[in-house]
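# Secondary and tertiary structure notes
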Amino acid sequence: MEDANESVVPEFIFSGLCNSTALQTFLVLPFSVLYLMTVVGNLLVVVLIISDLHLHSPMYFLLANLSFIDFCLSSVTTPKLTTDLLKDNKIISFGGCMSQIVCVHFFAGGEMVLLVTMAYDRYVAICKPLHYSSIMNRQKCLWLVLISWIIGFVHAMSQLAMILELPFCGPRVVDSFFCDIPLVIKLACMDTHILGALINADSGFLATTCFILLLISYTYILLTVRLHSKDGASKALSTCTSHITVVVLFFGPCIFIYLWPLSITWVDKFLAVFYTVITPLLNPAIYTLRNKEIKNAMKRLIRQRLGSRDHF
Ligand SMILES: *[C@@H]1O[C@H](CO)[C@@H](O)[C@H](O)[C@H]1NC(C)=O
């Protein structure tokens, strides 16, 4: 038993956000508030869209799924990050670390593909408005969502397969606040240069493909909107602006972290906080603040709740 355990690292240790204990204690409150807002905001969007019949259209179903993924994505890292701020020993078990890797890649991969399907939905709605209801029916929408989850799953499993058998025997400190693959494979006691390149290529391929597809579809949409500038165009433009903002917020930090040749630790950590903690909060904020339909649905929901209370 003991012999078998020797080559296995039972746990990893996070170095955390920063060195100062005082600053970490101070950060507990803001991070808790951010996480609470992310959970409430995203679940509110999901509940609004599912419960309001006015919002039963492919665009909003996709949006509800996006909010749901954002909720999951932030739940993988933020609660642990926040409670770890209060601890001196930020320990995570080997299994916990592997689950974090799988979940982050599953949800982030799924989100990337979902953003592409949302762009495709807008492309059909704006560039082929007459065929919209026949092209984007309920079933097609369900398939698109399913495909996003499947691609996310396959991507996560491929990442896991590459690191699961690595020998971890030496250092255990992950210089971050969650198990990020490039940092974890550095701890393996073998040369991981080639493996690292493979892992980056895997994520890079998915991210770059999605990003290029997004660029193409939004460029196409914006060009179409400019050509037919009528009344509908400004509304279409405002929807697309929120989509494009979300895309930039999601891909910006990822591209910066993975493609930027110089890695500066605090910049990397700042960006990691940005895309794990802030981005999932910004999505519902951007949509609810800018989208009239969602605002109306919110008003209806509040009125309904107040109305039903009057009966008692
Ligand atoms: C995701 O999209 C599907 C397909 O349109 C929809 O039926 C489902 O309610 C959505 N799920 C969530 C959690 O929003």
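Residues numbered from 1 in each chain as written. Predicted model: local features only at pLDDT ≥ 70, side-chain atom pairs only at ≥ 80, totals over all residues. Heavy atoms only, no water.

## Side note on the UniProt feature "transmembrane region" (unreviewed entry) in the protein chain
- Summarizing the sequence annotation, UniProt attributes the feature "transmembrane region" (unreviewed entry) to residues 33-53, 60-78, 98-120, 141-164, 205-223, 244-264 and 270-289 in the numbering used throughout.
- Between the C-alpha atoms that bound residues 33-53 the distance is 31 Å, and the span itself is 90% helix and 0% strand.
- The span residues 205-223 shows a helical share of 100% and a strand share of 0%, and its end C-alpha atoms are spaced 27 Å apart. (UniProt positions renumbered as here; feature names shortened; annotations may be inferred. Helix = DSSP H or I, 4+ residues; strand = E, 2+ residues; numbered from the N terminus.)

## Regarding a nonpolar patch on the surface
- The grouping of Trp143, Leu146, Ile147, Ile150, Ile151, Phe153, Val154 and Met157 at the surface amounts to a nonpolar patch, some 720 Å² of accessible area in total.
- Along the polypeptide, Ile151 turns up in helix 6 (residues 138-163). (Patch = residues over 30% accessible without salt bridge, like charges linked within 9 Å, V, L, I, M, F, W, Y side chains within 5 Å. Areas by Shrake-Rupley, 256 points an atom, 1.4 Å probe, with all protein chains shown as cover. Salt bridge = Lys/Arg side-chain N within 4 Å of Asp/Glu carboxyl O.)

## Side note on the site of the ligand
- Neighbouring the ligand are the residues Phe61, Ala64, Asn65, Arg138, Cys141, Leu142 and Val145.
- At 2.2 Å from an oxygen atom of the ligand is found a side-chain nitrogen or oxygen belonging to Asn65.
- The contact in question runs from an oxygen atom of the ligand to an N or O atom on the side chain of Arg138, over 2.8 Å.
- Contact with the protein chains removes 80% of the 360 Å² of surface that the ligand exposes when unbound.
- Elements with a contribution of two residues or more to the shell around the ligand: helix 3 (58-84) and helix 6.
- When residues of the shell around the ligand are assigned to their parent elements, the largest contribution, four residues, is made by helix 6.
- Looking at the shell around the ligand residue by residue, the class counts come to five nonpolar, one polar and one charged. (Near = heavy atom within 4 Å. Polar contact = N/O pair within 3.5 Å; in protein donor to acceptor, adjacent residues only side chain to side chain. Nonpolar A, V, L, I, M, F, W, Y, C, P; charged D, E, K, R; others polar.)

## Quick look at the pairing of strand 1 (residues 11-14)
- What you see with strand 1 is a clean split: Phe12 and Phe14 sit on the buried side and Glu11 and Ile13 on the side with no burial.
- In the sheet, strand 1 pairs with strand 3 (residues 173-174) via two bridges, with the strands oriented parallel. Opposite Phe14, over in strand 3, you have Val174 as the bridge partner. (Buried < 20%, exposed > 50% of the residue type's maximum accessible area, 1.4 Å probe, protein only. Pairing = 2+ DSSP bridges.)

## With respect to the environment of Glu293
- When you line up the elements, Glu293 lands in helix 11 (residues 292-310).
- On the accessibility criterion, Glu293 (34% relative accessible area) is partly exposed.
- Sequence-distant contacts of Glu293, that is, excluding residues within four places in its chain, are made with Leu55 and Tyr60. (Contact = heavy atoms within 4.5 Å.)

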